[in-house]
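Inside the fold
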Amino acid sequence: VVTPILCVPGWGLGRGPLAGLVSVLGAQWHDLPGHTAKADTCAEAVQRLSNEAPEGACLVGWSLGAMLALAAASLAPNVFSAVVAISPTPSFVRRRGWPYGLAPERLASFREQVCTESAASLRRFIVDFNRGDLRATDISRQLMRQMDDFPSTEALATGLDWLQEIDLRATLLGLGVPVLVFHGTADSLIPPIAGRWIADHVARGRFVAVEGAAHAPFWGRTDFMAGEIRRFLCQQKAKTGTESE
């Protein structure tokens, strides 16, 4: 039986960045609000994701999409067979007991920029989150070319509000769904320690460091990541089969 795979993109850039990985995996899409879906509250978006996913699906999410995937798996653990979280964090902003996030005032300032000049802000965002990647120039250039169609300012602001809101630290402690975490060793937007925290605190987590990668570790590494995902899913099926005997 083939595991259905559902991919949730990151904030602001739509399907383009993950298109190669989705194609290789034969995955389906679950778009963030503002792209092809209506805008929701964060809780409604998580509920919709858990409602619309095929039973036994593996969720593959990037950045904000990874946070939503983890939240959906926590909400409806019986629906999902696994989560693949790419460049994730339990909390995007700093909070009490969580020093690994962005300062809330910096996120608020970026939100103001997005609301006044969304296209220019997205271009700066692309350059910034690729800093440190061995392929930074090529990644940024390619992503810029895909920026012809991006969501409304309202949808972009909504996504940033979710990044301010979401705190998965307590929720993930009870998550039994297997989680595979990919994180670039050079990610300056979300530090690798955030992804490692997730892998260490869920019941069945595995962490894969992607050497020389920043926030988009799949770029130029599609075959590697697809192979790791397939291996992970095969291992989970084997464990499930053993447990059921």
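Shown above is the structure to which this text applies.
The paragraphs below set out a description of the structure included in this document. (Residues numbered from 1 in each chain as written. Predicted model: local features only at pLDDT ≥ 70, side-chain atom pairs only at ≥ 80, totals over all residues. Heavy atoms only, no water.)

**Comments concerning the overall build of the chain**
Scanning the chain for helices and strands turns up 10 helices and six strands. The C-alpha atoms of the chain give a radius of gyration of 17 Å, which matches the 18 Å a tight globule of 245 residues would have. Dimensions of the chain, computed from the C-alpha atoms along their principal axes, are close to 60 × 35 × 35 Å. Taken across its 245 residues, the chain has 53% of its residues classed as buried. Here the analysis covers contacts within the chain between residues at least 6 apart in sequence; of these, 71% occur between residues at least 24 apart. (Helix = DSSP H or I, 4+ residues; strand = E, 2+ residues; numbered from the N terminus. Rg over C-alpha atoms; globule rule 2.2 N^0.38 Å. Buried < 20%, exposed > 50% of the residue type's maximum accessible area, 1.4 Å probe, protein only. Contact = heavy atoms within 4.5 Å.)

**Description of the layout of surface pockets**
Space inside the largest pocket adds up to approximately 480 Å³. For the largest pocket, the lining is made up of 22 residues, of which L102, R106, F110, F125 and L189 are closest to its centre. Of all the elements in the fold, those that place two or more residues in the lining of the largest pocket are α4 (104-116), α5 (118-130) and α7 (153-165). Counting residues per element, the lining of the largest pocket draws most heavily on α4, which supplies five residues. When the residues that make up the lining of the largest pocket are grouped by side-chain class, the tally is 12 nonpolar, six polar and four charged. (1 Å grid on protein atoms, 1.4 Å probe; cavity = no way out; pocket = protein on both sides within 12 Å on 5 of 7 lines; lining within 4 Å. Points joined across faces, edges and corners; volume = space filled by probe spheres on them. Nonpolar A, V, L, I, M, F, W, Y, C, P; charged D, E, K, R; others polar.)

**Re the side chain of S118**
One can find S118 in helix α5. A relative accessible area of 15% places S118 in the buried class. Beyond its immediate sequence surroundings of up to four residues, S118 is in contact with Q113, F150, T153 and L156.

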